[in-house]
Amino acid sequence: MADGPPLVVAGGGIAGVTCAEQLALLFPSRQVLLLTASPLIKAVTNFKQLSKALEEFQVEEQASTVLESRHANIQVIQSAVRRLESAEHQLWTEDGRQHHYEKLCVCTGARPKLISDGNPYVLGIRDTDSVQEFQKHLAKARRVAVVGNGGIALELVYEIEGCEVIWAIKDKAIGNTFFDAGAAEFLIPKLAVEKPEVPVACKRTKYTTEGKSETEQKVGRKGEDTELGSALGPDWHEGLKLKACKEFSHKVHIETLCEVKKIYLHEEFKQLSDVSLAFPNGEDDEQNTKLDQELWPVYIELTNGKIYGCDFIVSATGVLPNVQPFLSGNNFVVAEDGGLKVDDHMCTSIDHVYAAGDVCTASWKHSPFWQQMRLWTQARQMGWYAAKCIAADICGEPIELDFCFELFAHITKFFNYKVVLLGKFNGQGLGSDHDLMLRCTKGYEYVKVVMQNGRMMGAVLIGETDLDETFENLILNQMDLSAYGEDLLDPNIDIEDYFD
Ligand SMILES: Cc1cc2nc3c(=O)[nH]c(=O)nc-3n(C[C@H](O)[C@H](O)[C@H](O)COP(=O)(O)OP(=O)(O)OC[C@H]3O[C@@H](n4cnc5c(N)ncnc54)[C@H](O)[C@@H]3O)c2cc1C
Ligand SMILES: NC(=O)C1=CN([C@@H]2O[C@H](COP(=O)(O)OP(=O)(O)OC[C@H]3O[C@@H](n4cnc5c(N)ncnc54)[C@H](OP(=O)(O)O)[C@@H]3O)[C@@H](O)[C@H]2O)C=CC1
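In every chain, residue numbers begin from 1 and rise along the written sequence. Chain letters start at A and ligand numbers start at 1, both assigned in the order the entries are written. Given that this is a predicted model, residues contribute local features only at a pLDDT of at least 70 and side-chain atom pairs are listed and counted only at 80 or more, while totals for whole chains, interfaces and linings are drawn from all residues. Note that water and hydrogens are dropped before the side-chain values are worked out from all heavy atoms of the structure.

What follows covers the site of ligand 2. Inspection of the region around ligand 2 gives 22 residues, with Ile152, Asn176, Arg374, His410 and Thr412 positioned closest. Within the side chain of Asn176, an N or O atom sits 2.7 Å from an oxygen atom of ligand 2. Polar contacts, as counted here, are pairs of nitrogen or oxygen atoms within 3.5 Å of one another; within protein the pair requires one atom able to donate a hydrogen and one able to accept it, and residues that are adjacent in sequence qualify only if both atoms are side-chain atoms. Arg374 is positioned with one of its backbone polar atoms (N or O) 2.7 Å from an oxygen atom of ligand 2. Note that accessible areas follow from Shrake-Rupley with a 1.4 Å probe, and for residues the cover is restricted to the protein chains shown. Alone, ligand 2 offers 910 Å² of accessible surface; in the complex the protein occludes 77% of this. The secondary structure listing takes helices from DSSP runs of H or I that are at least 4 residues long and strands from runs of E that are at least 2 residues long, numbered from the N terminus. Of all elements in the fold, only helix 4 (151-159) and strand 24 (409-414) reach the threshold of two or more residues within the shell around ligand 2. Definition of nearness: a residue and a molecule or strand are near each other if at least one heavy atom of the residue lies within 4 Å of the molecule or strand.

Quick look at the structure:
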């Protein structure tokens, strides 16, 4: 192996592992060091490009030895980075060791941004440990409050069974990070019906811990330290028991246009006089009255004046990039959302330090159809592209921004529907200067396209619409579609024949 300081990657999630693997392939005779706080790493397997922008892959939690056996030049050190001395090209890990680097890529992910830190009744969901904690609480729960209106909240309210859910959202409609009110309206009826036994199959990223015995999984988990593991991802809830003690499927009560004003532990709540508790769905039935005469472990007061008792609260309120060990003594430029700012070569503001995945904020001038969202797909793409940029820098070669940053494309599943989001799917950044076209068949599909000057800028496709690839092409080629008018979404016209 060649002499000289190694190429170092910090973080064993999708971004870090993809970056390390790509570096190992690009520089087979150089040492690549992967420093990670978590004992298990996340590897992408069975990667398939479904179309120009949509991709499918599986993610496996693996022991670090599996990665080392795949790449002889990768060494994994399970110890968190504690300090970076960028001027000296060196960093220190928790185990007291010092590591020199030629190039460093920071891929330390993010952690839940909780509405209340240190409250034992407020849980966040990020990694295997936090899910186990959640499951433990849920098993005995009668009522849980979910705060937030993004990906985790959408998944949880649908997946939780046998427990009342109070869902508190800031917005008028559910799922604000992914949907508009129309799509929300389409999805809501699913909360009133039983969950199907067999979830819909959908081509997209999938999360597995296959190939590991239960013992290995236990051994692999971190101990009592407070370090975060890698983020979970698609289908993390599949195979998990998210069922509480009651016999019903869903019982979700949504409180819109409100935030959390205060959280009381039951001792504090008992001291309050003159307060009355709210009932889910406003029902003052016998059962509810009986429930609310009991003491709850925790009470949540909303800005709309209502107070609900519950067993615990899930704060599904977004993430904060894990940047702390890198900031002190270094002049990183940090974006408003707390991420390390990176340019179109994934370079941070510090020489020879790159960043990728949830920890970074893409601060280049974006393509008109792309935006950053902290998602698995983007973590993989950024990790891969960061390695290419590092290689180009070492070899003194130019490199252009990768095509994957041309078009935002995300496949996921909500409420057991396949969901595809393309481009400016919510008219992001377009102001009022855009039109919407809709096609909706209740319980079957919801199609929305965002148009500007006759060109397609984005789309939301819920259900089996088969329009993914055609719309992806129409957004990318910016064809003038004015002449087609409403025909564009006419279900009796085979749109693919027009454009393929
Ligand atoms: C419950 C849940 C469901 C999700 N569902 C989806 C989904 O359906 N689709 C989708 O696209 N995305 C989903 N996401 C988001 C997706 O999981 C993340 O965007 C993605 O995993 C981020 O990858 P990453 O490598 O940047 O960070 P992470 O996966 O968070 O990995 C960060 C790594 O850095 C390590 N680390 C942290 N600090 C240090 C340190 N100081 N030194 C060394 N190592 C450190 C951690 O141990 C970890 O290994 C979901 C996230 C959650 C929490
Ligand atoms: N299927 C998928 O693709 C999934 C993706 N994920 C990803 O995992 C990460 C974590 O998910 P999640 O935590 O749901 O984050 P998201 O960013 O998806 O959503 C956070 C939500 O919480 C709201 N919020 C923020 N602060 C508060 C507050 N103080 N009070 C009330 N609401 C608040 C946000 O509103 P506002 O936007 O107005 O600030 C937003 O609705 C995200 O990157 C997400 O994209 C997670 C699950 C599934």
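This next bit is on the environment of Lys365. Here Lys365 shows up in the loop between strand 23 (360-362) and helix 10 (376-395). Each residue is placed in one exposure class: buried if its accessible area under a 1.4 Å probe, protein chains only, is under 20% of its type's maximum, exposed if it is over 50%, and partly exposed if it falls in between. The exposure class assigned to Lys365 is exposed, which follows from its relative accessible area of 78%. Sequence separation between Lys365 and Thr377 is 12 residues; the distance between their C-alpha atoms is 20 Å.

Take unusual backbone geometry next. The backbone phi angle of Met346 is positive, close to 60 degrees, even though this residue is not glycine. Here Met346 lies in the loop between strand 21 (340-342) and strand 22 (353-355). According to the relative accessible area criterion, Met346 is buried, its value standing at 0%.

With that out of the way, let us pick up the environment of Val32. Here Val32 lies in strand 2 (residues 32-35). Using a relative accessible area of 0% as the deciding quantity, one classes Val32 as buried. Residues Val32 and Val9, spaced 23 residues apart in sequence, show a C-alpha to C-alpha distance of 7.5 Å. Any two residues whose heavy atoms approach within 4.5 Å at even a single point are treated as in contact. Apart from residues no more than four positions distant in its own chain, Val32 is found in contact with Leu7, Ala20, Leu23, Ala24, Asn73, Ile74 and Gln75.

With that settled, the discussion passes to the domain arrangement of the protein chain. Residue ranges assigned to the domains are those given by an automatic or database domain assignment. Domain assignment breaks the protein chain into domain 1 (7-109 + 322-403), domain 2 (113-193 + 230-315) and domain 3 (416-498). Contact with domain 2, which involves 11 residues of that partner, is made by 17 residues of domain 3. Buried area is a sum: the accessible area each of two parts loses on coming together, probed at 1.4 Å, counted once for each and added. Here domain 2 meets domain 3 over a buried area of about 1,000 Å², counting both sides, of which 69% is carbon and sulfur. Each reported salt bridge corresponds to a side-chain nitrogen of Lys or Arg within 4 Å of a carboxyl oxygen of Asp or Glu. Inspection of the domain 2/domain 3 interface yields 1 salt bridge. With a shortest N-O distance of 3.0 Å, Asp180 and Lys448 are connected by a salt bridge. On the surface where domain 2 and domain 3 come into contact, there are 3 residue pairs in polar contact (both at pLDDT 80 or more). The element that contributes the greatest number of residues to the side of domain 2 that touches domain 3 is helix 5 (residues 181-187), accounting for 4 residues. Each residue belonging to the side of domain 2 that touches domain 3 can be placed in one class, and the counts come to 6 nonpolar, 3 polar and 2 charged. Residue polarity follows a fixed list, in which Ala, Val, Leu, Ile, Met, Phe, Trp, Tyr, Cys and Pro are nonpolar, Asp, Glu, Lys and Arg are charged, and the others, Gly among them, are polar.

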